[in-house]
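Topology and contacts: notes
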Amino acid sequence: MFWVLLLLLAWAVAGAACTRLCLAAVRAAAVDTEDAIAGRGHDLTLYEAAFLSGGPGRVADLTMVSMARQRRLLLAHTGWATVVDPRGRDEMERSVIGAIGPEGQSRIAPARAGAASADAVRGLAERLVSAGLAVPDGARTTVEAGVRQVRLAAGFVLAVGAVALLTPAPSDGSGMPRGLVALWFALPLALTLSCLAIARVEVHPYSRWASPAGQRLLGTLARRAGGTGGTGDDRSYLTSVAVLGIRAVDEPDLRAAFAHREQ
């Protein structure tokens, strides 16, 4: 019978997709366990917190805000950055100064992009991955790809099930009742949907940059900053910028300057 062939095809697609997702989830769980052990006892720097919260662009934003507050970099509300002190105090500041260029003045957007792609930020990312705090390339995307494949498999099962139900029954009345055919196709559909539900509950919610161990450290850092610093505490202020981004900046001129960064 034609519907049996379609059912076998539906089971094959659903089983392959769910198996791939389960294997990806198991590998991700193993990586998470190793990351939690490796990241234990690590104290985040502000640059590390910025990367784990918002990636390379957040590191560039934090560096610019820090230099601007120290009056070593002028960020105009028109979207221009001007170097006041050309001596960077660390490799991140030197990356920002280098991205602005030898003339000491540049639009904020290209300077930010150049600083975010500098060797210093790439080295920071590699160290965080080695420490188990940042998401390595492929770890998050593998699970996401598995989820997408299971979703496609669920749609495929529905499609072939509809084809089976719409196929004309034999004229001699020997065919399977439509209700039983639908029930048989409901089984692989239930497999895909239950696999998606389990993945939603059990698989760690990866952020764009931080691993689960990194997310836990970020939460600790944010609570510590909120409990020990006020508005006049520069460290607490920069921690807020690192974790929350430019929306944590309360100076109107600085906010206006960064409003031009994406244009």
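Keep in mind that what you see is a predicted model, and the values were worked out from it rather than measured.

Rules and cut-offs
- Residues numbered from 1 in each chain as written.
- Predicted model: local features only at pLDDT ≥ 70, side-chain atom pairs only at ≥ 80, totals over all residues.
- Heavy atoms only, no water.
- Core = buried A, V, L, I, M, F, W, Y, C linked by side-chain atoms within 4.5 Å.
- Buried < 20%, exposed > 50% of the residue type's maximum accessible area, 1.4 Å probe, protein only.
- Helix = DSSP H or I, 4+ residues; strand = E, 2+ residues; numbered from the N terminus.
- Contact = heavy atoms within 4.5 Å.
- Polar contact = N/O pair within 3.5 Å; in protein donor to acceptor, adjacent residues only side chain to side chain.
- Axes fitted to C-alpha atoms, helices over the stretch in contact; angles between N-to-C directions.
- Parallel < 35°, antiparallel > 145°, perpendicular 65-115°, else oblique.
- Left-handed = near helix turned anticlockwise from the far one by under 90°.
- Nonpolar A, V, L, I, M, F, W, Y, C, P; charged D, E, K, R; others polar.
- Phe/Tyr/Trp six-rings, centres within 6.5 Å; stacked < 30°, edge-to-face > 60°.
- Lys NZ or Arg CZ within 6 Å of the ring centre and 35° of its normal.
- Pairing = 2+ DSSP bridges.

**Let's talk about the nonpolar core**
- Counting 49 residues, the largest nonpolar core has Phe51, Leu52, Val65, Leu73 and Leu75 as its most contacted members.
- A per-element tally of this core places helix α2 (residues 46-69) first, with 13 residues.
- In this structure leucine 75 touches Met64, Ala68, Trp80, Ala81, Ile108, Leu254, Ala257 and Phe258, once residues within four positions along its chain are discounted.
- If you look at the next biggest cluster of nonpolar residues, it comprises twelve residues, including Leu6, Ala154, Ala164 and Val181.

**Concerning the environment of glycine 161**
- Mapped onto the elements, glycine 161 comes out in helix α6 (residues 139-166).
- For glycine 161, a relative accessible area of 7% corresponds to the buried category.
- On a C-alpha basis, the gap between glycine 161 and leucine 189 in space is 9.4 Å, while along the polypeptide they are 28 residues apart.

**Overview of the side chain of glutamate 93**
- Mapped onto the elements, glutamate 93 comes out in helix α3 (residues 91-100).
- For glutamate 93, a relative accessible area of 3% puts it in the buried group.
- Among the polar contacts listed, one links the side chain of glutamate 93 to the backbone nitrogen of arginine 89, at a separation of 2.9 Å.
- Sequence-distant contacts of glutamate 93, defined by excluding residues within four places in its chain, comprise Tyr47, Thr63, Met67, Arg72 and Gly88.

**Topic: the packing of α2 against α3**
- Following both chains from N to C, one finds α2 and α3 inclined at 65°, their axes separated by 9 Å at the closest point. Considering their axes alone, α2 and α3 lie roughly perpendicular with respect to each other. Considering only the axes of α2 and α3, their crossing is right-handed. Contacts between α2 and α3 involve Tyr47, Val59, Thr63, Met64 and Met67 from the first element and Met92, Glu93, Val96 and Ile97 from the second.
- For the contact of α2 with α3, the class distribution of residues is seven nonpolar, one polar and one charged.

**As for the packing of aromatic side chains**
- Counted according to the given criterion, the structure contains one aromatic pair.
- It is arginine 69 that lies over the ring of tyrosine 237; its NZ or CZ is 3.9 Å from the centre.

**Looking at the sheet that holds strand β3 (residues 105-107)**
- Spatial strand order, β1-β2-β3: three strands in an open sheet with antiparallel pairing. Each of the sheet's edge strands pairs with one partner strand only, and the pair in question is β1 (73-75) and β3. Taking the axes of each pair of neighbouring strands and ignoring which way they run, one obtains an average angle of 20° across the sheet.
- With three bridges connecting them, strand β2 (residues 80-83) and β3 associate as antiparallel partners. Its bridge partner being in β3, threonine 82 is matched across the sheet by glutamine 105.

**A word on the packing of α3 against helix α5 (residues 119-130)**
- Running from amino to carboxyl end, α3 crosses α5 at an angle of 145°, the nearest separation of the two axes being 9 Å. Together, Glu91, Met92 and Ser95 of α3 and Ala120, Val121, Leu124 and Arg127 of α5 make up the contact between the two elements.
- Residues of the contact of α3 with α5, tallied by class, amount to four nonpolar, one polar and two charged.

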